[in-house]
Amino acid sequence: TRDYLPDAGARSGELMRDPAYGLLNAAYLRLAVPLGSWLGDVTLGSRLHLLAREKDVSRVFVLAQQYAEQALKPMLDDGRLKSISVRTQHPRSGWLALGIEITDALGERRSFTLPVSVV
């Protein structure tokens, strides 16, 4: 379903509310929404959707990391986040996984994984 769940904190079969008061949701929206398509804010979003037509090569992993960092940078600039860490993984052919770790203004780390389709 391409849903995301926080990597830590929830037990199996248990739903977990976002203890960061929407930071994970805001980060997910910035990554999942195509850049410029959000009616209220044309700067919200990422260019990750462009990778769906790219081949499954190492250059795409670098692009995915850059696109994710660019999409999350406004959250750093406005002070909601202290740091962002993006790592890429290749779980299987045709997919890459972005491991996103954000550190909020209070210094607490939150992480989630976002799957991205590539050809």
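Let me begin by describing the structure that accompanies this report. Since the structure is predicted, the reported quantities are computational estimates derived from the model, not experimental observations. (Residues numbered from 1 in each chain as written. Predicted model: local features only at pLDDT ≥ 70, side-chain atom pairs only at ≥ 80, totals over all residues. Heavy atoms only, no water.)

1. Considering the overall build of the chain
Tallying secondary structure elements over the chain gives two helices and three strands in all. For the chain, the succession of helices and strands along the chain, N to C, is α-α-β-β-β. Scored against the burial criterion, the 119 residues of the chain give a buried share of 34%. Pairs at least 24 residues apart make up 42% of the contacts formed inside the chain by residues separated by at least 6 positions. (Helix = DSSP H or I, 4+ residues; strand = E, 2+ residues; numbered from the N terminus. Buried < 20%, exposed > 50% of the residue type's maximum accessible area, 1.4 Å probe, protein only. Contact = heavy atoms within 4.5 Å.)

2. Some remarks on the side chain of Thr-103
Structurally, the position occupied by Thr-103 is in strand E2 (residues 95-104). We classify Thr-103 as buried; its relative accessible area is 9%. A polar side-chain atom of Thr-103 sits 2.9 Å from a polar atom in the side chain of Ser-83. When near neighbours in sequence (up to four residues on either side) are disregarded, Thr-103 contacts Leu-81, Lys-82, Ser-83, Glu-108 and Arg-109. (Polar contact = N/O pair within 3.5 Å; in protein donor to acceptor, adjacent residues only side chain to side chain.)

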